[in-house]
Amino acid sequence: DVFRTIVDKMPRLLIPIINEVFHTSYSQDEEIVFLKNENYSTDGKVVTDTCMVICNHMYHIECQSRPDSHMEIRMIEYDFLVALNNARKVNDEYVMELPRSATLYLRHSKSTPDFLKVTLLIPDARNTDNVRKVTYETPVVKVQEYTKEDIFKKDLIAFLPYYIMRYEKQLPFISKDKEKLQVLVKEY
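Definitions and cut-offs
- Residues numbered from 1 in each chain as written.
- Predicted model: local features only at pLDDT ≥ 70, side-chain atom pairs only at ≥ 80, totals over all residues.
- Heavy atoms only, no water.
- Core = buried A, V, L, I, M, F, W, Y, C linked by side-chain atoms within 4.5 Å.
- Buried < 20%, exposed > 50% of the residue type's maximum accessible area, 1.4 Å probe, protein only.
- Helix = DSSP H or I, 4+ residues; strand = E, 2+ residues; numbered from the N terminus.
- Pairing = 2+ DSSP bridges.
- Axes fitted to C-alpha atoms, helices over the stretch in contact; angles between N-to-C directions.
- Contact = heavy atoms within 4.5 Å.
- Phe/Tyr/Trp six-rings, centres within 6.5 Å; stacked < 30°, edge-to-face > 60°.

**Some words on the nonpolar core**
Then step 1. Formed by 33 residues in total, the largest nonpolar core has its most connected members in Leu 104 and Phe 159.
Then step 2. For this core, the secondary-structure elements that each account for two or more residues are helix H1 (2-9), helix H2 (14-22), strand E4 (50-54), strand E5 (57-64) and strand E8 (100-105).
Then step 3. Residue contributions to this core peak at six residues, all from H2.
Then step 4. In terms of nonpolar packing, the next biggest core, distinct from the first, is built from six residues, Met 71, Met 75, Tyr 78 and Val 140 among them.

**With respect to the pairing of strand E10 (residues 131-142)**
Along a regular strand, successive side chains alternate from one face of the sheet to the other.
Then step 1. Sheet topology places E8 next to E10; three bridges connect them, and they run parallel. Across the sheet, residue Thr 103 finds its bridge partner in E10, namely Val 140.
Then step 2. Of the pairings in the sheet, the one linking strand E9 (residues 115-123) to E10 comprises nine bridges and is antiparallel in character. Across the sheet, Pro 123 pairs through a bridge with Val 131, a residue of E10.

**A few points about the sheet that holds strand E1 (residues 32-34)**
Then step 1. With mixed pairing, the six strands of this open sheet are ordered in space as E1-E4-E5-E8-E10-E9. Because the sheet does not close on itself, it has two edges, and the strands there are E1 and E9. Across the sheet, the mean angle from the axis of one strand to that of its neighbour is 30°, orientation sign disregarded.
Then step 2. For E1 and E4, the ladder comprises three bridges, and the chain directions are antiparallel. By the bridge assignment for E4, Ile 32 is matched with Ile 54.
Then step 3. Each of E4, E5, E8, E9 and E10 touches helix H3 (residues 71-85); the most contacted strand, E5, lies at about 150° to it.

**Concerning the packing of aromatic side chains**
Then step 1. The tally for this structure, following the rule as stated, stands at four aromatic pairs.
Then step 2. A centroid spacing of 6.4 Å and a plane angle of 65° characterise the contact between Tyr 163 and Tyr 167, whose relative ring orientation is edge-to-face.
Then step 3. Of the residues examined, Tyr 163 reaches a relative accessible area of 8% and is grouped as buried.
Then step 4. For Tyr 167, a relative accessible area of 15% puts it in the buried group.
Then step 5. Linked through ring pairs, Phe 22, Tyr 26 and Tyr 59 together constitute an aromatic cluster.

Function cannot be read off these values alone, since they describe shape.
Rendered as structure tokens:
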């Protein structure tokens, strides 16, 4: 809900995230064109967190509270639906461009990968014995790895609402200790 509010009310906060994840250098003044976030698959309606175009490049960002064992499949499904919805015919063939995608994990563990990966086996229409292997990777952003200094230095203000989550396991103990609570309040 917080991420959705950021997307709806403060979309400019997404530009530093795009710059961080995809090593771009868009200015805060770049035009952001949002694509529809409701798509339809054979199983029904699929809703993405945000799909947008900046400088003719499509981006797709999903925000997850914790790792999900099926996220790799969901990401490629979402990205394929975005590509289908934006397919264009060039001469005698269709061109489908997958968006540049990433997943923001608000919580993660030591086993959380840096990239979500799906290997596609694409048959060769000219030679049925050949199959091309393509690994589809989407970067994972582990929000809790960003210090408050990183957040401000990199202008990742959209990460601030999640900063306190790094203390959630300690909160029962902090709330019983006035000094620790004061330190947390001062830091936050």
